[in-house]
Amino acid sequence: GELVHRAVAAQRGRGEVIAMKCRDRVAGVHAKGIAHGDLMPEHFLVSGGEVVLIDFGFAHRLENPDSCLVPRPAGFTATYAAPEIRDRDEVRPSTRSDIYSICLIISELLDAANDTGCLASAVSRSNGLCEDPGDRPPSCSHLRAIYEAQLRRRVQVRRAGAGAAAISTSVVFGLGLYSSVSSFT
């Protein structure tokens, strides 16, 4: 498989689709009761248009949120880690720590692809990058809901804009300012 950064760079205009698939892979892991705990772009591979999440060496079962803290592994990568993971020697990976990481990864992927669409807006509105884990969305489904709301807003704005353009055009033609469609275009 291809690293997710390379896939986004190679598939111009598809950064948002690949980023959503990354988010969905994390949601799938959470649905199985596991926090990955060490999300980074290098742990997402793209093969045949599908995204695969790898390296579960730091994964943690979510069934008991009050379980004991575990030592952070020696090969741990702090760059994409949530503050509560990055800044402590003993940690407890959680869905909210994974949310922080996936939001950071999505932001980086979309920034690299120069893609500032609905997903980028949803990440910024989600509080996924808040320092306090309690302020972050509790699950990837919350990120998805925020994204879908942003997408609906974008569609409404475009429809409103198209309606305004149609009204403007009819007013211009109704006033006789243009004698034919060809002179308007």
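Above this text sits the structure in question.
Everything in this summary refers to the structure shown in the same document. Everything quoted here is computed from the prediction, not taken from an experiment.

Quick word on the environment of Asp-135
Of note, Asp-135 is situated in the loop between helix H5 (118-126) and helix H6 (140-174). Overall, the relative accessible area of 45% leaves Asp-135 in the partly exposed class. When the C-alpha atoms of Asp-135 and Arg-96 are compared, they prove to be 9.1 Å apart, with 39 residues separating the residues in sequence. If sequence neighbours within four positions are ignored, Asp-135 has contacts with Asn-127 and Cys-130.

So, the pairing of strand E3 (residues 44-47)
Along any regular strand the residues' side chains alternate between the sheet's two faces. Burial along E3 is one-sided: the residues Phe-44 and Val-46 are buried and none of Leu-45 and Ser-47 is. Pairing analysis gives 2 bridges linking strand E1 (residues 2-3) to E3, with the strands arranged antiparallel. Each bridged residue has a counterpart across the sheet, and for Leu-3 the counterpart in E3 is Leu-45. For E3 and strand E4 (residues 50-53), the ladder comprises 4 bridges, and the chain directions are antiparallel.

With respect to the nonpolar core
Within the largest apolar cluster, 30 residues are counted, with the highest numbers of intra-cluster contacts made by Phe-44 and Ile-102. Listed by contribution, the elements that provide at least two residues to this core are helix H1 (4-10), helix H2 (15-31), E3, E4, helix H4 (95-112), H5 and H6. Broken down by element, the residue count for this core peaks at 7 residues, all from H4. The contacts of Phe-44, once residues within four sequence positions are left out, are Glu-2, Leu-3, Val-4, Cys-22, Arg-25, Val-26, Leu-39, Val-51, Val-52, Leu-53, Ile-102 and Ile-105. Counting 7 residues, the second-largest nonpolar core is a separate cluster that includes Phe-58, Ala-81, Ile-85 and Tyr-100.

A word on H2
With 17 residues, H2 should reach 24 Å at 1.5 Å per residue; the first-to-last C-alpha distance of 24 Å fits that figure. Where H2 is concerned, the buried positions are Gly-15, Glu-16, Ile-18, Ala-19, Met-20, Lys-21, Cys-22, Arg-23, Val-26, Val-29 and His-30. Looking one or two residues past H2, Gly-33 carries a phi angle of roughly 80°, positive in sign.

Looking at unusual backbone geometry
Among all residues save glycine, negative phi is the norm, and among peptide bonds the norm is trans. Its identity as a non-glycine residue notwithstanding, Asp-55 has a phi of 60°, on the positive side. As for its placement among the helices and strands, Asp-55 is situated in the loop between E4 and strand E5 (60-61). Of the residues examined, Asp-55 reaches a relative accessible area of 41% and is grouped as partly exposed. A positive phi angle is found at Asn-127, which is not glycine, with a value near 65°. Tracing the sequence through the fold places Asn-127 in the loop between H5 and H6.

The rules behind each value
- Residues numbered from 1 in each chain as written.
- Predicted model: local features only at pLDDT ≥ 70, side-chain atom pairs only at ≥ 80, totals over all residues.
- Heavy atoms only, no water.
- Helix = DSSP H or I, 4+ residues; strand = E, 2+ residues; numbered from the N terminus.
- Buried < 20%, exposed > 50% of the residue type's maximum accessible area, 1.4 Å probe, protein only.
- Contact = heavy atoms within 4.5 Å.
- Pairing = 2+ DSSP bridges.
- Core = buried A, V, L, I, M, F, W, Y, C linked by side-chain atoms within 4.5 Å.
- Expected span 1.5 Å × (residues − 1).

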